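Breakdown of the fold
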Amino acid sequence: MADKLQRSDVTLDTIVSLCKRRGIIFPGSDIYGGLQGTFDYGPVGAELKRNVKNAWWRSMVQERFDIEGVDTSLLLHPAVWTASGHVENFTDPLCDSLGPSRKRYRADHIEETECAKFVLVDVTDNAAPKTLDTEIWAPTKKKAKEFFQQWYEKALGLEGRRVKIEEVEGSRTTGRFSPDDGGRLTEARQFNLMLSTTLGPVEESSAKVFLRPETAQGIFINYENARATARRKLPFGIAQQGKSFRNEITPRNFIFRTREFEQMEMEFFCKPGEFCKEGEQSDMEWFEFWRNERLQWYIRYGIQPANLRFYDHPKEKLSHYSRGTTDIEYLYPIGWQELEGIAHRGNFDLTQHMEHSGKDLRYFDPDANTHYVPYVIEPAAGVDRAMLAFLCDAYREEIVTSGEEGEGGKESRRVVLGLHKDLAPVKAAVFPLLKNRPELVETAKKIAADLKRFTNAVYDDTAAIGKLYRRQDEIGTPFCVTVDVDSMEDQAVTVRERDSMQQVRIPLDRVVAYLRDQLQG
RNA sequence: GCGGGAGUAGCUCAGUGGUAGAGCUUCAGCCUUCCAAGCUGAAUGUCGCGGGUUCAAGUCCCGUCUCCCGCUCCA
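Residues numbered from 1 in each chain as written. Chains lettered and ligands numbered in written order. Predicted model: local features only at pLDDT ≥ 70, side-chain atom pairs only at ≥ 80, totals over all residues. Heavy atoms only, no water.

Its place among the elements puts Glu-265 in strand β14 (residues 260-270). For Glu-265, which is buried and forms no salt bridge, the nearest opposite charge comes from Arg-345, at a distance of 5.3 Å. Separated by 2.6 Å, the side chain of Glu-265 and the backbone nitrogen of Ala-216 make a polar contact. With sequence-adjacent residues up to four places away left out, Glu-265 is seen in contact with Trp-56, Glu-214, Thr-215, Ala-216, Ile-219, Ile-238, Ala-239, Gln-240, Glu-378, Pro-379 and Ala-380. (Helix = DSSP H or I, 4+ residues; strand = E, 2+ residues; numbered from the N terminus. Buried < 20%, exposed > 50% of the residue type's maximum accessible area, 1.4 Å probe, protein only. Lys, Arg positive; Asp, Glu negative; His and termini not counted. Salt bridge = Lys/Arg side-chain N within 4 Å of Asp/Glu carboxyl O. Polar contact = N/O pair within 3.5 Å; in protein donor to acceptor, adjacent residues only side chain to side chain. Contact = heavy atoms within 4.5 Å.)

Laid out in C-alpha cells, this is it:
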C-alpha cells in the first residue's frame, strides 16, 4: 500500500513545519519576533513532552526497586558550583583571528606552532616597492602564500597587483596563530556557560546566583538526606527531571540545542569495585548495565535500533568530572548527534561537596566494615532531544489509495506519526460519520466523555471522515472511533487503528474497555 | 561574535517603484453511509521592526531583530 519515505528524506524543516502546524512546538516569544534558543510547547507538544517524561519516570523510578525520585531547586547555593567545578571548568576560552577570516576559536584547541612573520611588499611599481601594514604568521613561506591567496589578496584589494611575500628576519617564534589565515589571535576571553541572576530586592547589594546548568548537583547535595530518609543501602539511585540553563554560544537546530532545556537525570550510587564481594556488581558493571538499559529504553518506546548507536568518549575529551562517558547517539536529520550521555562520575562530586561543605558524605559499608565515598553512574538524558528523536523516528509519509478494491482508486498522501501509544499526545479520537444526525453526534460525544475519564481523548466533527482521520494521523493518535448510522441499529462502532488503517466493529458498551485494553497492553 | 542565505495570510510561496495576491489550511452553511470529496460563503496581513530617499516603497538605502547554513558547543 504505502511507499515509505526514506529516512534520509525527512528533513528537520519537515519536522519543524509539522510541529508548528499541529501545535506541537512554537518558536519562543513568537509574537515579539522570537528569542534565540527558546521554544514553547503547544497543546499537542505539551502532552507529548509529558508522556516522554512519564515514560522515563516509569522506567527509571516506578518499575524499579532501587531508585528514588526527587525534585530539587533550580537555584542553588553559589558554593555548589564552585565545588562541582562548573565555575572553573564550565567555560570556553574564546579568541578571534585578527586576520581577514575573522574566525573564532576555542583558545585551548589551538596548538602552539613555530611561525615566522611575513610581510607583503607591493612591487607593481618596480621603482617604488611599498611594504604593506599587514602581517601573516606561518611556519613556511609556502603556507604564507596560501594564506595570502585565500584571504588577504581579496580582503586588501590586491588582485592583479604584484605582491612579494617576505619573511621578517628574526621574527621566528613559537606561539598561537590562526591556522586559517595566519592572523594574530585576540586574547582569550572566558565565556562561562552558566546563566546567572541575582537574589535580593536591591540588585547592587544582592547575591549573584547561577541557574543550574545540570540537575545533577541538586541530587548530590541531597544525597545524604535522600539516602537516610529512604533507608537505602548501596547500590541505589536518585532520579530527577527538571529544567536546566546554559548560555550556549550558538543555540541551533530547532530544539536540539537550546538555552533552556529539560533534563532527565539519574545518579546511581554504587560500591567501588575494590569493595565489592564475590557476586556483587562493581561500578564498571553498573556502568555497562546503564548503558544498555538506556539504549533499550529508546527501543522500547519505538526508536528503530538502526538509528541508535554508542559513542565512547576518548579519554582526553572527558569532562572534568568523568572517568568514562558513553553517548547514546541518534541519527537525526542533521546527522548522528548525542541523545543521552552515560557518565561514570567516580566519586568526584560527593568528594568535592564533602570538602567544600565540611559534611561527611561517606557511606558506611556494614559488610566491609569501612567508610568510603560511593561511585556514581549517571545516565543523563535531554527531554527535548528525546522528543525530537521520537518525532523524527515516528514521522512518515505514505501514499494511500482510496476507493473499493483498487478500481479507480484515488491516490493521496498521508502524514503519520507512528508514535508509541504511550507517547501519543491523544490516545483516541471519536467522530460521528455524519454531523447532521443528532443521535450520532450525541453518541460520539458520550463515548469521548467516557474515554476522557481515563485518558486523553478528543471529539471532532468539523470535517469529512477522511480528513478527520488524517488530522489524527499527523499527531499520532493510535485509535479513532466512528459512530455511523448502523451504530443505532447494531449498537456497535468502528475502531480504526492508525498504522494499519484496519477497522474493527466493537459493541458500544464494550468500546471503552476495548480501548483501555489496547492502550495499556 | 565572523562569513553566507532568508524574513509577505496559520502553512508553502508569487509579487523587481504605482490599488497586497494564489494554492493549501481554518471557520460557517448545504451536502455526504468510513480515509484530505463537492458546492456556497467567510476570516486572516501595520509585507520582521525602526528610520531614510521618493509625488509614490513589499520593492531602493541605512540600522536593528529573528531564523537557516558554516566555525564552536553538547542534554
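Now for the layout of surface pockets. Empty space within the largest pocket amounts to approximately 1700 Å³. Lining the largest pocket are 43 residues, and of these Phe-90, Arg-246, His-313, Ser-319 and Glu-338 lie nearest its centre. When residues of the lining of the largest pocket are traced back to their parent elements, those giving at least two are α4 (86-89), β4 (91-96), β14, β16 (324-332), β17 (335-346), β20 (375-382) and α10 (383-394). Considering only residue class, the lining of the largest pocket consists of 14 nonpolar, 13 polar and 16 charged. (1 Å grid on protein atoms, 1.4 Å probe; cavity = no way out; pocket = protein on both sides within 12 Å on 5 of 7 lines; lining within 4 Å. Points joined across faces, edges and corners; volume = space filled by probe spheres on them. Nonpolar A, V, L, I, M, F, W, Y, C, P; charged D, E, K, R; others polar.)

Residues Val-52, Tyr-298 and Phe-390 are the most contacted members of the largest nonpolar core, which totals 57 residues. Of the residues forming this core, the biggest block, 9 residues, is contributed by α10. Three or more residues apiece are contributed to this core by two domains, here domain 1 (12-90 + 194-391) and domain 3 (415-520). Ignoring anything within four residues of it in the chain, the contact list for Phe-390 reads Val-52, Trp-297, Tyr-298, Tyr-301, Ile-303, Leu-419 and Leu-423. Membership of the second largest hydrophobic core comes to 19 residues, among which are Ile-447, Leu-451, Leu-508 and Val-511. (Core = buried A, V, L, I, M, F, W, Y, C linked by side-chain atoms within 4.5 Å. Domains from an automatic or database assignment.)

On to the packing of aromatic side chains, then. Each aromatic ring pair is described using two quantities: the centre-to-centre distance and the angle formed by the ring planes. With the rule as written, the count across this model stands at 20 aromatic pairs. Centre to centre, the rings of Trp-286 and Phe-289 are 5.2 Å apart; their planes meet at 80°, and the pair counts as edge-to-face. In this pair, Trp-286 and Phe-289 are both assigned in helix α8 (residues 283-300), 3 residues apart and thus about one turn of the helix distant. Here Trp-286 falls in the buried class, since its relative accessible area comes to 8%. (Phe/Tyr/Trp six-rings, centres within 6.5 Å; stacked < 30°, edge-to-face > 60°.)

This brings us to the protein's contact with RNA strand B. For RNA strand B, the set of nearby residues contains 53 residues, the closest of which are His-109, Arg-257, Glu-338, Tyr-469 and Thr-494. The sugar-phosphate share of atoms of RNA strand B within 4 Å of the protein amounts to 55%. At 2.9 Å from a base oxygen of RNA strand B is found a side-chain nitrogen or oxygen belonging to Arg-385. For the surface near RNA strand B, the secondary structure elements donating two or more residues are β5 (104-106), β14, β17, β20, β22 (411-417), α12 (465-474), β26 (492-497) and β27 (503-507). With 7 residues, the top contributor of residues to the surface near RNA strand B is α12. Partitioned by chemical class, the residues of the surface near RNA strand B number 13 nonpolar, 19 polar and 21 charged. (Near = heavy atom within 4 Å.)

On to the side chain of Thr-258. As for its placement among the helices and strands, Thr-258 is situated in the loop between β13 (236-245) and β14. Accessibility expressed as a relative area gives 6% for Thr-258, which makes it buried. Every residue in contact with Thr-258, bar those within four places of it in the chain, is listed here: Gly-37, Phe-39, Arg-246, Glu-248 and Pro-251.

Our next topic: the environment of Asn-89. Mapped onto the elements, Asn-89 comes out in helix α4. On the basis of relative accessible area, Asn-89 is assigned to the partly exposed category, the value being 37%. Put simply, Asn-89 and His-356 are 267 residues apart on the chain and 16 Å apart in space, counted from C-alpha to C-alpha.

Of all the positions in helix α1 (residues 12-21), only Leu-12, Ile-15, Leu-18 and Cys-19 are classed as buried. One side of α1 carries all its buried residues, which in axial view fall inside an arc of 125°. Where α1 is buried, its residues meet β1 (25-27), α10, β21 (395-401), β22 and α12. Gly-23 sits one or two residues past α1 and shows a positive phi near 75°. (Arc of directions from axis to C-beta.)

Attention now moves to α10. Helix length check: α10 (12 residues) gives 16 Å between terminal C-alpha atoms against 16 Å at 1.5 Å per residue, within 8%. Most of α10 sits inside the fold, with 12 of its 12 residues counted as buried. Within α10, the full set of buried residues consists of Val-383, Asp-384, Arg-385, Ala-386, Met-387, Leu-388, Ala-389, Phe-390, Leu-391, Cys-392, Asp-393 and Ala-394. (Expected span 1.5 Å × (residues − 1).)

In this section: the domain arrangement of chain A. One frequent convention defines the size of an interface as the accessible area lost when the parts assemble. Taken as a whole, chain A is organised into domain 1 (12-90 + 194-391), domain 2 (93-189) and domain 3 (415-520). On a C-alpha basis, the centroid separation for the pair domain 2 and domain 3 is 69 Å.

Looking at where Asp-384 falls in the secondary structure, it is placed in helix α10. The buried category is assigned to Asp-384, whose relative accessible area is 7%. The spacing of Asp-384 and Ile-15 is 369 residues in sequence and 14 Å in space, taken between C-alpha atoms. Those residues within four positions of Asp-384 in sequence are excluded, and the remaining contacts are Tyr-41, Lys-49, Ile-255, Phe-261 and Glu-262. Within the local environment of Asp-384, its side chain forms a polar contact with the backbone nitrogen of Glu-262, the two atoms lying 2.9 Å apart.

Helix-helix packing is described using two parameters, namely the angle between the two axes and the distance between the axes. Where helix α2 (residues 43-62) contacts α10, the axes come no closer than 10 Å and their chain directions differ by 110°. In this view, α2 runs roughly perpendicular relative to α10, as classed from their interaxial angle. Facing α2, whose interface residues are Gly-45, Leu-48, Lys-49, Val-52 and Lys-53, α10 presents Val-383, Asp-384, Ala-386, Met-387, Phe-390 and Leu-391. When grouped by side-chain class, the residues that make up the contact of α2 with α10 number 7 nonpolar, 1 polar and 3 charged. (Axes fitted to C-alpha atoms, helices over the stretch in contact; angles between N-to-C directions. Parallel < 35°, antiparallel > 145°, perpendicular 65-115°, else oblique.)

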